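What follows is the residue order along each chain.
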Amino acid sequence: MIFLLFSLLLINIIVTCMVVASDVLDGFQKKAQAFLIWFLPFFGAVGIFIFLYTEKKNSTHKVTFENNSKTVEPKNEHFGD
């Protein structure tokens, strides 16, 4: 039983630290998500972890695309000419 409580506490602490360190959230969002983590101990932490993971994954692809120095021009193809 103590191991289970310790595990839940550790998960909440880790995910709360992830929220605080997140670059994709503003101050209000960080406070709201930290509240959810501690208000719904296990489910809130898992839900916010999944959200942060997908946001980080999406923002990584976005940054990579935006920092790409190669410019791709659309082809102007006319069929039947």
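Residues numbered from 1 in each chain as written. Predicted model: local features only at pLDDT ≥ 70, side-chain atom pairs only at ≥ 80, totals over all residues. Heavy atoms only, no water.

K.L.:
Any chance you could break down the overall build of the protein chain for me, citing the residues and the numbers?
P.N.:
Scanning the protein chain from N- to C-terminus turns up three helices and zero strands. The order of helices and strands in the protein chain, counted from the N terminus, is α-α-α. Here the protein chain holds 81 residues, and 16% of them are scored as buried. Contacts spanning at least 24 positions in sequence make up 54% of the contacts within the protein chain whose residues lie at least 6 apart. Looking at the protein chain as shown, the accessible area adds up to about 7000 Å², and 69% of this sits on carbon and sulfur atoms. (Helix = DSSP H or I, 4+ residues; strand = E, 2+ residues; numbered from the N terminus. Buried < 20%, exposed > 50% of the residue type's maximum accessible area, 1.4 Å probe, protein only. Contact = heavy atoms within 4.5 Å. Areas by Shrake-Rupley, 256 points an atom, 1.4 Å probe, with all protein chains shown as cover.)

K.L.:
Give a description of helix α1 (residues 2-21) that names residues and reports values.
P.N.:
Helix length check: α1 (20 residues) gives 29 Å between terminal C-alpha atoms against 28 Å at 1.5 Å per residue, within 8%. For α1, the complete set of buried residues consists of N12, V15, T16 and V19. Along the long axis of α1, the arc covered by the buried residues comes to 105 degrees, so they all point the same way. Among the exposed residues of α1, those oriented more than 90 degrees off its buried face are I2, F3, F6 and A21. (Expected span 1.5 Å × (residues − 1). Arc of directions from axis to C-beta.)

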